Amino acid sequence: MSASEAKIPLNNGLSIPLLGLGTFVEGHAVRHFNIGVHMSEPSQSEQIKTAVEIALDAGYRHVDTASIYFSEKEVGMAVRSRLEREDFTRKEIFITSKLWNTFHDPADVRPACLESLSNLGLSYLDLYLMHTPMGFQNVPGELFPRKNNMILASNVDYIDTWKAMEKLVDEGLVKSIGVSNFNRSQVERLLSVARIKPAINQVELHPYLAQQEMVKYCQSNGIVVTAHTPLGSPQPNFEEQILLDPVIIAIAEKNGKTAAQIILRYQVQKNIVVIPKSLTASRIVQNSKIFDFKLDEDEMQKITALDRNWRRYNIDIFQSDTHPYFPFSE
Ligand SMILES: NC(=O)c1ccc[n+]([C@@H]2O[C@H](COP(=O)([O-])OP(=O)(O)OC[C@H]3O[C@@H](n4cnc5c(N)ncnc54)[C@H](OP(=O)(O)O)[C@@H]3O)[C@@H](O)[C@H]2O)c1
């Protein structure tokens, strides 16, 4: 099976490709947060667009973006270039974007979605996710509104935000809706009132953060789980280096694959969608070659045993463990 064929059904009759390209490029996004406007840095903008084109050419049929990544324009340009070339049709490509925390007020949801669609140059999204359950106050021009260095939480309930997202499906602006960074009790609460069930919960998942109970809960309730940060977003200064883990390396050597391929294969074999980010052509291609081998039960168990509840994204910037919807626990 190839990357373009590997899909998993959603609870609404549609399906999502198991492999997508992540497009959060920290330097690029942070530059936008700091200046607070949509200005592009030519070199990284071009790199993101090229990465998406390489991915599409390598068989990826799913791209993950978000308004807060400031990569929607680049994703849109790359996707439209391949649509114009008739490499595939719009129906064959799956585009995810996300509602940022400052737009949780129901009145802000539709305009935020329209802005994402305009950035992408597309008429609909395949999936729109609530980026986190934590709303921030909508202070014009501020993506991380703060007072005394503390994030200004909003008092909008994510249930009300969700109801506004359901209307986007009714209107045909998005095909599916879902959530991101929701813990189990938040998903449970949402399921108890949702008219449209969330199709996806996108959370941080990798061999050092298994979140087994939450994954089991979502999957047994018809919610597909997507692993963001599937490689642990390796940084040279991190103590935790999943790609260098001796257990992963031994399994990689045995299978004639790289550590990254083993880590990604582990998730897709558990019906978990993966969205690794890379701007490097050879890695983008490498990460797509995970559908031509299978890990055995012993290898799967050895990887599962690596869980140590380590998070890449503690999001301490939010300073919000007092926020009513602070999500980062099972
Ligand atoms: N919903 C959320 O709150 C949320 C949060 C975080 C991320 N995400 C999504 O998840 C995506 C992935 O997460 P992430 O970007 O944080 O981290 P990641 O995909 O775990 O790791 C990305 C890093 O791994 C490197 N890499 C990629 N493939 C590799 C390979 N085969 N071998 C060695 N190194 C490799 C990349 O380097 P190069 O680019 O230099 O090749 C990049 O620095 C994001 O881009 C975003 O779309 C969502």
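Residues numbered from 1 in each chain as written. Predicted model: local features only at pLDDT ≥ 70, side-chain atom pairs only at ≥ 80, totals over all residues.

1. Some remarks on the overall build of the protein chain
Part 1: Across its full length, the protein chain holds eleven helices and twelve strands.
Part 2: Its C-alpha atoms give the protein chain a radius of gyration of 19 Å, within 12% of the compact-globule value 20 Å for 330 residues.
Part 3: Each principal axis of the C-alpha atoms in the protein chain carries an extent, and together these give about 55 × 45 × 40 Å.
Part 4: Among the 330 residues that make up the protein chain, the fraction classed as buried is 44%.
Part 5: Considering only intrachain contacts with a sequence separation of at least 6, the fraction spanning at least 24 residues in the protein chain is 73%. (Helix = DSSP H or I, 4+ residues; strand = E, 2+ residues; numbered from the N terminus. Rg over C-alpha atoms; globule rule 2.2 N^0.38 Å. Buried ≥ 20, exposed ≤ 12 C-beta atoms within 10 Å, placed from the backbone. Contact = placed C-beta atoms within 7 Å.)

2. Notes on the UniProt feature "active site" (unreviewed entry) in the protein chain
Part 1: Residues annotated by UniProt as "active site" (unreviewed entry) correspond here to Tyr69.
Part 2: Residue position: Tyr69 is located in the loop between strand 4 (62-64) and helix 3 (72-84). (UniProt positions renumbered as here; feature names shortened; annotations may be inferred.)

3. Considering the environment of Leu168
Part 1: Its place among the elements puts Leu168 in helix 5 (residues 158-171).
Part 2: Considered as a pair, Leu168 and Gly22 are 146 residues apart in the sequence and their alpha carbons are 24 Å apart.
Part 3: Sequence-distant contacts of Leu168, that is, excluding residues within four places in its chain, are made with Arg110, Cys113, Tyr128, Leu173, Val174 and Ile177.

4. Quick notes on the site of the ligand
Part 1: As a matter of local geometry, the ligand sits amid 28 residues, with Gly22, Leu231, Ser233, Ala260 and Lys277 nearest to it.
Part 2: With three residues, the top contributor of residues to the shell around the ligand is helix 10 (residues 281-288).
Part 3: Its residues assigned to classes, the shell around the ligand shows ten nonpolar, 15 polar and three charged. (Near = placed C-beta within 6 Å. Nonpolar A, V, L, I, M, F, W, Y, C, P; charged D, E, K, R; others polar.)

5. Re the sheet that holds strand 3 (residues 21-22)
Part 1: If you trace the eight strands from one edge of the open sheet to the other, you get 3-4-5-6-9-10-11-12, paired in parallel fashion. With one partner strand each, in any of the chains shown, strand 3 and strand 12 (273-274) form the two edges of the open sheet.
Part 2: The pairing of strand 10 (residues 200-204) with strand 11 (residues 224-228) spans five bridges and is parallel. Counterpart to Glu204 in the pairing with strand 11 is His228. (Pairing = 2+ DSSP bridges.)

6. Observations concerning the packing of helix 3 against helix 4 (residues 106-120)
Part 1: As a packed pair, helix 3 and helix 4 sit with axes 7 Å apart at the nearest point and diverge in direction by 45°. Comparing the axis directions of helix 3 and helix 4 gives the class oblique. Facing helix 3, whose interface residues are Glu72, Lys73, Val75 and Gly76, helix 4 presents Ser116, Asn119 and Leu120.
Part 2: The residue makeup of the contact of helix 3 with helix 4, split by class, is two nonpolar, three polar and two charged. (Axes fitted to C-alpha atoms, helices over the stretch in contact; angles between N-to-C directions. Parallel < 35°, antiparallel > 145°, perpendicular 65-115°, else oblique.)

7. Some points on the pairing of strand 11
Part 1: Judged by how many residues are buried, strand 11 sits mostly within the fold: five of five residues are covered.
Part 2: Here strand 11 shows two buried faces, one formed by Val224, Thr226 and His228 and the other by Val225 and Ala227.
Part 3: Alignment of strand 11 against strand 12, held across two bridges, turns out to be parallel. Paired with Thr226 across the strands is Val273, a residue of strand 12.

8. Quick word on unusual backbone geometry
Part 1: At Phe70, a position not held by glycine, the phi torsion is positive, near 55°.
Part 2: The topology assignment puts Phe70 in the loop between strand 4 and helix 3.
Part 3: For Phe70, a count of 28 C-beta atoms within 10 Å gives the class buried.

9. Overview of the pairing of strand 10
Part 1: By the criterion of burial, strand 10 is predominantly enclosed, with five of the five residues buried.
Part 2: For strand 9 (residues 174-180) and strand 10, the ladder comprises two bridges, and the chain directions are parallel. What sits directly across from Ser180, in strand 10, is Gln202.
Part 3: Each parallel crossover has a hand, and the one from strand 9 via helix 6 (residues 184-193) to strand 10 is right-handed.
Part 4: Considered for its hand, the β-α-β crossover made up of strand 10, helix 7 (residues 212-220) and strand 11 is right-handed. (Right-handed = clockwise from strand over helix to strand, strands pointing away.)

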